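Summary of structural features
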Amino acid sequence: MKPPTPTPRPAGRQPADPRDREVARLRKQNQRLAGELDKARKVIEVQGKLSALLEQFATDSVAEQPQGETR
C-alpha cells in the first residue's frame, strides 16, 4: 500500500492572523497611553510644587503684615 501523498501548500503569503493585528493595535495604544501617563505625572508634580510655593507666599505675606492692618 502506498502512503498518502501530502497535499501541496497554496502558493503565496499566508493570511494574516487577526490576533497579530490586534496585538499591534494594543501595543500602539499602550505606548500612547504610557506617554499620556508620563505627561500627567509631570503636570501633577508641577501642580504640587506650585501649590507649595503659593502656600509659602501666602504665609510669608501674613507674617509680614503689621499688627492691626488688614488687606
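As a reminder, the structure under discussion sits directly above these lines.
Let me begin by describing the structure that accompanies this report. From a predicted model like this one, the values you see are computed outputs, not experimental measurements. (Residues numbered from 1 in each chain as written. Predicted model: local features only at pLDDT ≥ 70, side-chain atom pairs only at ≥ 80, totals over all residues. Heavy atoms only, no water.)

Attention now goes to the overall build of the protein. Check the secondary structure of the protein and you find 1 helix and 0 strands. Taken across its 71 residues, the protein has 0% of its residues classed as buried. Just so you have it, the protein exposes about 7,500 Å², and 57% of that area is on carbon and sulfur atoms. (Helix = DSSP H or I, 4+ residues; strand = E, 2+ residues; numbered from the N terminus. Buried < 20%, exposed > 50% of the residue type's maximum accessible area, 1.4 Å probe, protein only. Areas by Shrake-Rupley, 256 points an atom, 1.4 Å probe, with all protein chains shown as cover.)

Another point: a nonpolar patch on the surface. Where nonpolar side chains cluster on the molecular surface, the patch consists of Leu 50, Leu 53, Leu 54 and Phe 57 and spans about 390 Å² of accessible area. One can find Phe 57 in helix H1 (residues 18–64). (Patch = residues over 30% accessible without salt bridge, like charges linked within 9 Å, V, L, I, M, F, W, Y side chains within 5 Å. Salt bridge = Lys/Arg side-chain N within 4 Å of Asp/Glu carboxyl O.)

As a further point, take the pattern of salt bridges. In the structure shown here, the tally under the stated rule is 5 salt bridges. Across the pair Glu 22 and Arg 25 runs a salt bridge, and its minimum N-O distance is 2.8 Å. Here Glu 22 pairs with Arg 25, and both are found in helix H1, just 3 residues apart, close to one helical turn. Exposure remark for Arg 25: the relative accessible area of 44% places this residue in the partly exposed category. With its nearest N and O atoms 2.9 Å apart, the salt bridge here joins Glu 36 to Arg 32. In this pair, Glu 36 and Arg 32 are both assigned in helix H1, 4 residues apart and thus about one turn of the helix distant.

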